[in-house]
Amino acid sequence: MGIIQYLDKWLFRRFVFLLLAAYALAGLIPSPGLWLKNMDWGSLPGTHGTVTTSLIMLAALLFNAGFSVTSEQLNALRRRPSLSLAGLVGKALIAVTWISILMIGLSAGLSSLWISMLAGFAIVSMMPVATSSTAWAQQTNSNMALSLGLLLLSTSMMPLIFPVMSWLFHQLPPELGTRGFTETKSVFSLPFIVVWIIVPVIGGRFFRWFSGKKGKTQWTNWMKWANALNLLLLNYMHGASFLPQSLQPFQPSAIFSLLLGVLTCCSMAFVTGIWIGKLLKVTPSEKMALMFGTGMNNNGMALVLAAQFLGASGWIGLTIALCTFGQHLVAAAVHFFLSKPVMGIPSSSKHANPRSEIPLIRSSDETVHRHESSSTLLASKPSSHPSTP
């Protein structure tokens, strides 16, 4: 195992603890995070908005997502798009459920604290599939074509999600820090979507094409680390903003209610994937891919959008942060559960590819080369069974 592969495996297994350390640092030393978050990078012509550090980091996340997509993955999605569409419908149902609960809470006149929690769950439910879902899917020997198809489709649907988010933000009470209608409407305009969503994804695709065959594998390792550091810095930066607001004064009953809500939100998302798999009678590997696809959301993007358009309300940010931990903890529990032959699902640890522990996306040429090498070795290896007379 090379040093890059070892570091990649180390990062994947300890990412939750690194996230926890980032939030602890945000609570203890918030000043650098606040300074970075409030930096003014000027403005872009036609966007009618200030360029913030959060938007730059959002573009970096989407650039990485565009770079990570390979040609064979796009071909696999085109060959069988129905299951990916079914997973996307499941995510839409989850989002509609949380938006409906939020609207009921607004009609009932709930306090701003409860509205903040429900708004956080609604924002998380509208986010695309997280790139970490493919790593968890690979750990459990899931259908990778389906997992990546969900990631591609959900990310490409973000321009259609923005009008819904704009409408939702305008329903929230002013005390949550929502901006004026004119300002938010201009930020959610077509120039914003093109500059901060579409261009980074296309730029990542062009950069992958420009890198060449050898460069793709080398850049994939570095891009994965850059993405992880971006997420950690993003969570530290926004944690420095919302942690002091939400934890002072400390409210144990509200924290307990929030934890129950996070558990419900994450469990609902994972169960939806399992339910879709049972309804469509798919294979166990496809069911696990659907489960991780519906269960893992891009909460880094949720933090950016909440801070950009809601003024970084403390309880909304805390809700999104806890959902980040919650979905990784549920994914780890599912991984442990699937490591044993339960309910007819084979053990992932016994049947998985030994290399699947390393969540790297490899190029098609490298995959073909490995396949040919393995085939040659198998053909040249003598049989260990004695011949029958």
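From a predicted model like this one, the values you see are computed outputs, not experimental measurements. (Residues numbered from 1 in each chain as written. Predicted model: local features only at pLDDT ≥ 70, side-chain atom pairs only at ≥ 80, totals over all residues. Heavy atoms only, no water.)

Of regular secondary structure, the chain possesses 17 helices and zero strands. Going through the 389 residues of the chain one by one, you find that 50% of them count as buried. A separation of at least 24 residues holds for 82% of the contacts in the chain among residues at least 6 apart in sequence. For the chain, the exposed surface amounts to about 18900 Å²; the carbon and sulfur share of it is 69%. (Helix = DSSP H or I, 4+ residues; strand = E, 2+ residues; numbered from the N terminus. Buried < 20%, exposed > 50% of the residue type's maximum accessible area, 1.4 Å probe, protein only. Contact = heavy atoms within 4.5 Å. Areas by Shrake-Rupley, 256 points an atom, 1.4 Å probe, with all protein chains shown as cover.)

Structurally, Gly-326 is set in helix H15 (residues 314–338). In this structure Gly-326 comes out as buried when scored by relative accessible area, which is 13%. Measuring from C-alpha to C-alpha, the distance between Gly-326 and Leu-259 comes to 8.9 Å, with 67 residues separating the pair along the chain.

Spanning 12 residues, helix H14 (residues 299–310) covers 15 Å between terminal C-alpha atoms, matching the ideal 16 Å at 1.5 Å per step. For H14, a buried count of 12 out of 12 residues is recorded, marking the element as mostly surrounded by other parts of the structure. For H14, every residue scored as buried is listed here: Asn-299, Gly-300, Met-301, Ala-302, Leu-303, Val-304, Leu-305, Ala-306, Ala-307, Gln-308, Phe-309 and Leu-310. (Expected span 1.5 Å × (residues − 1).)

This brings us to the confidence of the model for the chain. As a note on interpretation, predicted positions should not be read in detail where pLDDT is low. Confidence in the prediction of the chain, expressed as mean pLDDT, is 76, and 76% of residues score 70 or more. Mean pLDDT across the elements of the chain ranges from a minimum in helix H17 (residues 364–380), with 41, to a maximum in helix H5 (residues 82–108), with 93. Contacts for the low-pLDDT stretch residues 180–187, under 50 throughout, to residues beyond four places or in other chains number eight contacts. Low pLDDT, under 50, characterises residues 341–389; the predicted model gives this stretch 57 contacts beyond four residues in sequence or across chains. (pLDDT = per-residue confidence, 0-100.)

Attention now moves to the packing of aromatic side chains. Applying the stated criterion across every chain yields a total of six aromatic pairs. Ring centres 5.7 Å apart and planes at 45 degrees place the aromatic pair Phe-67 and Phe-207 in the tilted group. With Phe-67 in helix H3 (residues 53–68) and Phe-207 in helix H11 (residues 190–247), this residue pair connects regions lying 140 residues apart in the sequence. Given a relative accessible area of 24%, Phe-207 falls into the partly exposed group. On the numbers, 4.9 Å between centres and 40 degrees between planes, the contact of Trp-98 with Phe-121 is tilted. Of the two residues, Trp-98 sits in helix H5 while Phe-121 sits in helix H6 (residues 112–125), which places them 23 residues apart along the sequence. You can call Phe-121 buried: its relative accessible area is 3%. Just above the ring of Phe-67 sits the side chain of Arg-208; from NZ or CZ to the centre is 5.4 Å. (Phe/Tyr/Trp six-rings, centres within 6.5 Å; stacked < 30°, edge-to-face > 60°. Lys NZ or Arg CZ within 6 Å of the ring centre and 35° of its normal.)

Okay, the state of the cysteines next. Tallied over the full model, the rule gives zero disulfides. Cys-265 carries a free sulfur, and the closest cysteine sulfur to it, the one in Cys-323, is 4.4 Å from it. For Cys-266, which is in no disulfide, the shortest distance to another cysteine sulfur is to Cys-323 and amounts to 5.0 Å. A relative accessible area of 5% places Cys-266 in the buried class. (Disulfide = S-S within 2.5 Å.)

Attention shifts here to the environment of Ala-332. Tracing the sequence through the fold places Ala-332 in helix H15. Sequence separation between Ala-332 and Arg-13 is 319 residues; the distance between their C-alpha atoms is 9.8 Å.

Right, let's get into the nonpolar core. Counting 83 residues, the largest nonpolar core has Phe-121 and Ile-123 as its most contacted members. Examining the composition of this core, we find that 13 residues originate from one element, H11, more than from any other. Contacts of Ile-123, omitting those with residues within four sequence positions, involve Met-165, Phe-169, Ala-302, Ala-306, Leu-310, Ile-316 and Ile-320. Leu-83, Leu-151, Ile-276 and Ala-289 belong to the second largest nonpolar core, which has 11 residues in total. (Core = buried A, V, L, I, M, F, W, Y, C linked by side-chain atoms within 4.5 Å.)

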